[in-house]
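# Structure at a glance
Each chain, written out:
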Amino acid sequence: MEQFAPVKRKDGQPVRYLVVDDSVFARKNLGRMIESFGGQVAGEAGDGCTAITEYDRTTPDIVLMDITMPQMEGIEAAERIVRSHPNARIVMVSSVGYQDNIVAALQRGARHFVQKPVKPEVLYEVIKYVLGEDAVVASAAGAGA
Amino acid sequence: MRMELIQPFINAADAVLADSLQCPTSIGNFSMEEEAYRRRGVAALIAVSGDIEGRIIFDVDPQTAMRVASRMAGQELPSSPDLMCETVCELANQVIGNAVTSLNDQGFHFRVHPPEVHTSEHGDKSSEDTEALVMCIETCSGKVFMNVALRYNRRRQPEQVAAVTD
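Description of the structure in this document. (Residues numbered from 1 in each chain as written. Chains lettered and ligands numbered in written order. Predicted model: local features only at pLDDT ≥ 70, side-chain atom pairs only at ≥ 80, totals over all residues. Heavy atoms only, no water.)

### Points about helix H2 (residues 62-73) of chain B
So the rule is basically this: The secondary structure listing takes helices from DSSP runs of H or I that are at least 4 residues long and strands from runs of E that are at least 2 residues long, numbered from the N terminus. The span expected for a helix works out to 1.5 Å for each residue beyond the first. Only protein chains enter the accessibility calculation, which uses a 1.4 Å probe; a residue whose area is less than 20% of its type maximum is buried, one above 50% is exposed, and one in between is partly exposed. Throughout, a residue-residue contact means that at least one pair of heavy atoms, one from each residue, lies within 4.5 Å. Two N or O atoms form a polar contact when they lie within 3.5 Å of each other; inside protein one atom must be a possible hydrogen donor and the other a possible acceptor, and for residues adjacent in sequence the pair counts only when both atoms belong to side chains.
Spanning 12 residues, H2 of chain B covers 16 Å between terminal C-alpha atoms, matching the ideal 16 Å at 1.5 Å per step. Within the sequence span of H2 of chain B, burial applies to Thr64, Ala65, Met66, Val68, Ala69, Ser70, Met72 and Ala73 of chain B. At its buried positions, H2 of chain B is contacted by helix H1 (24-36) of chain A together with helix H1 (3-21), strand S3 (52-60), helix H3 (81-105) and strand S7 (142-152) of chain B. Of the residues flanking the start of H2 of chain B, the one acting as N-cap is Asp61 of chain B, its side-chain oxygen 3.1 Å from the backbone nitrogen of Gln63 of chain B. Gly74 of chain B sits one or two positions beyond H2 of chain B and adopts a positive phi of about 75 degrees.

Dropping the structure here:
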């Protein structure tokens, strides 16, 4: 997989991600992309309910959240997380990317939307955008800030 | 089954497979399935509900499933039945999600249900209002079969149907 210039937190630590998708395969693929961005998977969840408890447990820098999942869908989970943690950065990652869905997700607190199949270079740019000034792009040698 | 319903699935399958596998794809034979569905290998079923309802099945042989998994992961993966099922489910999810996105933006309202591994050897026989279209997509990793059986929801308002078929 292509390697990207590492995106780090301002304190030089790796960006920590919570990956939420009912597909183990999709979670693993996203995990590989996160590693190629210099990030770290802090937790995983296969449904919206688990995502909420995992968020509380891991307090990640970014959540990558699928929409169509059993038990509780991603948009509702995002809304609940943002209600408890207004600064939560949630990026919806779904194959179902019609306008109503995107608008609903953004209205309920998601920061961005990436349509599957995920292109690593697209996700990388979205991550940098969503982290904004809270992140720095380190040199490829991993110099931190 | 109306072509305006099918075309987004064909386009999505073509685009998602080509993108995920990073190779050209071609749409092979189309046929209307008159007999009951018979599973070929590892199959995932996704139900859709809303203005149009029905199901789509993705079906690939186990070797193809493993080749697809490795290509999507960008590295060679060890063969396992769970991984095969996961791969076919995720592929189905992506194709159907993209097709439904296109149909929703045309004014249809759908809900996609999470994919399920289809373990039965046989499925329901097509009926007059739920014909199944089977198509084969040729990829660099092998053949992917997509079986689409959809119908207009009878509860849908007639004027909505008229609007989208104009």
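Following the structure, the description resumes.
### So, the packing of H2 of chain B against H3 of chain B
Residue and element names in this part refer to chain B. The condition that has to hold: Helix axes are fitted to C-alpha atoms over the stretch in contact, other axes to C-alpha atoms as well, and angles between N-to-C directions run from 0 to 180 degrees. Convention used here: angles under 35 degrees read as roughly parallel, angles over 145 as roughly antiparallel, angles from 65 to 115 as roughly perpendicular, and any remaining angle as oblique. Whether a crossing is left-handed or right-handed is set by the direction in which the near helix is turned from the far one by less than a right angle, anticlockwise for left-handed and clockwise for right-handed.
One way to put it is that H2 packs onto H3 with a least axis distance of 9 Å and a crossing angle of 70 degrees. Comparing their axes, H3 and H2 come out roughly perpendicular. Along this stretch, H2 crosses H3, giving a crossing that reads as left-handed. Contacts between H2 and H3 involve Pro62, Ala65, Met66, Val68, Ala69 and Met72 from the former and Leu83, Met84, Thr87, Val88, Leu91 and Gln94 from the latter.

### Remarks on the packing of aromatic side chains
All names here are of chain A. Rules: The rule is short: rings of Phe, Tyr and Trp, with Trp giving its six-membered ring, pair when the centres are within 6.5 Å, and they are stacked under 30 degrees, edge-to-face over 60, tilted in between.
Under the definition given, this model contains three aromatic pairs over all chains. Considering the side-chain rings of Phe4 and Phe37, the 5.1 Å spacing of their centres and the 80 degrees angle between planes classify their relative orientation as edge-to-face. Taken together, the residues span a long stretch of sequence, with Phe4 in the segment before strand S1 (7-9) and Phe37 in the loop between H1 and strand S3 (40-45) at a distance of 33 residues. Since its relative accessible area comes to 12%, Phe4 is described here as buried.

### Re the state of the cysteines
Residue and element names in this part refer to chain B. Threshold: Cysteine sulfurs are considered disulfide-paired once they come within 2.5 Å of each other.
Here the structure, examined in full by the defined rule, presents one disulfide over all chains. The residue that forms a disulfide with Cys23 is Cys140, at a sulfur-sulfur distance of 2.2 Å. On the sign convention where negative means left-handed, the S-S torsion of about -80 degrees between Cys23 and Cys140 marks this disulfide as left-handed. With Cys23 in the loop between H1 and strand S1 (26-33) and Cys140 in the loop between strand S6 (132-139) and S7, the pair connects residues that are 117 residues apart, well separated along the chain. Taking relative accessible area as the criterion, Cys23 reaches 11% and is therefore assigned buried. Take Cys140: its relative accessible area is 43%, and that puts it in the partly exposed class. Its sulfur unpaired, Cys89 is 6.6 Å from the next cysteine sulfur, which belongs to Cys85.

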